[in-house]
Every structure is written in C-alpha cells, then in structure tokens.
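Here are the chains, one letter per residue:
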Amino acid sequence: MDQEKSIKLTLVQPRQEEEEEIRIDFGLIFAYLKRFFALWLALAVGLGAIAGGIGLLLQETMFAPKAETLIGFTYSGASSGLAPDGSALDVSRIRSPRVLMDALDALGIELTEINTIAENLSVDGITSESHYRRMTFYKDLLDKGADLELVDKVLSESNAPSIRYVVSFDYRSAGYSYLEGIQILNQVIDSYREYFEITYNRNTPLGNPISIIDYRDYDFAEAISIFSSALYSAQSYLDSLASAAPSFRSSRTGYSFSDLSKITSMLREVELDRASSYVILHSVTTNDIDTAISFYQWRIENLERSRTVTQTTLETLRTEIAAYEKDPVLYVAGEGNAAISSVSDTNSNYDNMINEELSAQSSISSDSRTIEYYQDVIQGFRDAQRVKQSDVERVQTYLASLNEKLLALLENVNQTADDYYEVAMSSNSVTTVVPAVVNRHLITKNAIMVFVAVEAVLLVWYIGLSVIKGMKDANAKEKKQKAADSSDLAVSPGVQPQSYE
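Residues numbered from 1 in each chain as written. Predicted model: local features only at pLDDT ≥ 70, side-chain atom pairs only at ≥ 80, totals over all residues. Heavy atoms only, no water.

**Brief notes about the overall build of the chain**
The line we're drawing: In DSSP terms, a helix is any run of H or I states spanning at least four residues, a strand is any run of E spanning at least two, and both are numbered starting from the N terminus. Burial here depends on accessible area, computed with a 1.4 Å probe over protein chains only, as a share of the maximum for the residue type. Under 20% is buried, over 50% is exposed, and the range in between is partly exposed. Two residues form a contact once any of their heavy atoms are found within 4.5 Å.
If you tally the helices and strands in the chain, you get 14 helices and six strands. Residues classed as buried in the chain amount to 36% of the 501 residues present. Contacts spanning at least 24 positions in sequence make up 85% of the contacts within the chain whose residues lie at least 6 apart.

Structural data, given as structure tokens:
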C-alpha cells in the first residue's frame, strides 16, 4: 500500500472592490471661497476699472434727428393770434420761399434745396395743454449744460403777454449733419425775423406829395383835390396805427396816433372844406372860366374811365372770392387759451384777394368823390360871369395855410411812426427765446458690456477654482483612507478555509 499523502487546500473568496465615487465636501469648498475672496475682490476692482475705462473709450454719442428752437412774439395782440396790422398771425410763413431763399443765400446753400428744407421744417405752438412739453424742453436745456441765466430768463418770461412756438428742423431727413441743422435753423429764424420786420414793423414813410408837387402849379380845384387825397391817406394810415397801438405816445413829438388822427380830421373838416367851399361858391380859378370848364370836364371823363376799369376789376374779384373755397384753418390755443389761427399759403391768397377788393372799393369811392366835386365846380363856373381878383387872393391864402399845416402834420406823423416802430416794436416783435439745439445722449451699451463680461469671467473663475480645489482635497483624503484600510486585511473574512486529505 502506497504511502498516504495528505493535501490541504484553502479557498479564499476575495472582497469585491468597491466602485470609485467622486466625493464633494462643501466645507472644503466654502473654506477655499473664504481663502480666495480677497484675491477675487482685488482682481474684480482692478480689472473692473480697466474694463470701465476701455468701455468709455468705446461709447458713442446719439443725437436726436431734429434741431429745435423756441421763438416768441411779444407785441400787442400777439397773444390773441394777431399780426401787428391786426390780421391773423400766419406763423407758417417761416416755411415760405421768400424766407428760405434769404436763409439759403446767407448760408451759401443751393436754392434747389429749398423744397427739401421746407418739407422738414415744422412749427408747433406751446399752449397750456402742452405745458409738460415746455417744461421738458427746459429740462433738456439744463441737461445739456445750458446757461442757468438763460433758463431763468425763459422761466421768468413764461407769463409774458406773448405767444411762443417751437420750430423744428429734421436735419437728418433733409440730409444734413446736426451742426448744419443747427446753423440752418438759426438762419431761417433770423431771415423770418427780418421778413417780419419788413412786413409789419418797418415804417414806410407816409411821404409828402405836397412838398414834391407844388400845388401852385395847379388850378385851385385840382390843388384842393390833391390836398384831399393826401389827408385821406394820412387819415387811413393813422387810424390803422391807432387801432394797433392805442396807448402809444411818441417821446419825440409828444403825440399819439389818435391825436394825429384828430388833427387830420380837423384839417379836412375846417381848412380843406373852407377852401373847397369858397372855390365852388365863388367860382374861383386861375384860368378863364371857359378853359376851366373844359379842363374839369376832361378830368371827369378820365376819372369815369378809371372808375369803370376799377369796377370791372372789383366785379371779377367778387366773383373769384364767391367761387373760392378756403382751406380749413387750423386753430390752436394760445396763452390763456386764446385762439391762434395758423393760415396756410392758400388762405393767404384768399386774404390777398379780400385786401384787393377793399383797395378797389376805396379807389372807386375816391374817384366818385372827386367827380362830384368837379361837377360842382363846373356848375359854379357856368353860373359865374367873372372871377374876382380878391377871391383869387383869398383862396391862395387858404391853400397856403392848409399847405403849411399839412406839412407839419405829415412830419409829425412820420416821426411818431418811426418812434413807434423803432422803439416800441422792432426790438421785441420776434425774439429767439432759446437758440437752436439738438438733444443728445451717450450710448453706454459698449461700456456696460465690457465691464459685465470682465466681472462675470472673474466670478466664474473664483467660484470654479474654489469648487475644484475643495473636491480635489476631499477625494485625496478619501483615497488615503481606503489605502490604509486595505493594508490591515490579511485574509478576506468572507469564506472559511476547508481542508481535504
């Protein structure tokens, strides 16, 4: 029998290796956040300042597309929407070809641009309903760094007896830069002010037909007609001024327009009527009677032809006016809610026709009055047998006195009117309350984007670095712990050894 052999087999079941896991330790992450906070804050402040400076270099200026100016009308009747002559104030004349042509000539711009500029000009009245817009306009002035004294002046004049308008020019649509827009708008207002002064406030001297035409070169009846025309012209002129400025009194002459109108009436009713009635009643002439009758008959025929032509013109005007359809008139509220009319160019044509009608009526009345006077003179000559020399001398005395007084009257009229226009009106009729400005502001989008991008990158870096460092330290400790545990195990306790012999 073979020698028995004993074999011992030990089976060990190894422990399954646990799957590796990533460990997150918030305590370590928070510790690193505290540790890197000072570094992050220093970088955020430093790099943020640098980024802000770069952003400021990249920022742009945005200009509003319109230049705006504020003008005011500060004469008697302006707050009621009336021009100095009592007609409706037509503010749209700022866009008229005459005003724009003068402005473009002054700026050296081609006149072919006149329609483009007119289409981009607009006028808006500042009323009680648009008080918010006016205050916004003042605020914009302050934001632009306007002179505080200028703004105070605007505010202090807010209750002045005037009417104000905002005139805008869309320079961008017209194809100009903002600087050119400001220059064009200011020049348009200057040209309109000049047009306004010429139209309303420049005194056209009444003139003195008696000093130019020597009445002694004419027969008495015709000389009286010349005096009559001069006095009627003076009366009409003075009445219009008295209506426009009832309280004005000249410092040069001491007269008001009402005073001068009364003097004119006195000359007509006393001096002129005395000479005229004497010539008619006594049939006074410097010529022989037959020659005088023939002359005044010829004058009557000429006047009748002139009156017929004027009557035909008047009938044509009346027909055109009756068939004329006016454009609607836009009314806006002025200071104190007074009605202000904005008349279009078409309506201005209508008003011109009305003025021509009135002028024609006045001419017809004057011709009729002169014809009746000459007819009376002719009838007196026919009844008279001869002309007395004493009557001739007396009429000469009457006419010399009338001529002297009329010359003095016309001199006072012209001086008083000059004083009125130069002192009381010209300097204040149309004022530029605020010169042309363009609203502007800085576009800070680029600066903000650069600053935010830099700060966002720093924040992500700060938080990411803290998280990565915290997770790295936590997992390193976990690995060390596992290695220590593995070294203490000799045999896995999972299976007991078995022996086989």
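**As for the side chain of Ser256**
Here is the rule: Within 3.5 Å is the distance limit for a polar contact, defined as a pair of N or O atoms, with the added protein rule that one can donate a hydrogen and the other accept it, and that residues adjacent in sequence qualify only through two side-chain atoms.
Here Ser256 is to be found in the loop between α9 (220-244) and α10 (257-282). Classification of Ser256 by relative accessible area gives buried; the value is 5%. Polar side-chain contacts of Ser256 include one of 3.1 Å to the side chain of Asp259. Apart from the residues within four sequence positions on either side, Ser256 is in contact with Phe248 and Arg249.

**A closer look at the environment of Ser233**
Looking at the secondary structure, you find Ser233 in helix α9. Spatially, the C-alpha atoms of Ser233 and Thr264 are 9.9 Å apart, while their sequence positions differ by 31 residues.

**A word on the side chain of Ser283**
Mapped onto the elements, Ser283 comes out in the loop between α10 and α11 (289-323). Leave out the neighbours within four places in its chain, and Ser283 touches Tyr278, Gly380, Phe381, Ala384 and Val387.

**Things to note about helix α2 (residues 97-107)**
The line we're drawing: To obtain the arc, one takes the directions from the helix axis to the C-beta atoms.
Among the residues of α2, Val99, Leu100, Ala103 and Leu104 are the ones counted as buried. For α2, the buried positions fall inside an angular range of 125 degrees around the axis, keeping them on one side. Residues of α2 that are exposed and point more than 90 degrees away from the buried face comprise Asp105 and Ala106. Phi turns positive one or two residues past the end of α2, at Gly108, with a value near 75 degrees.

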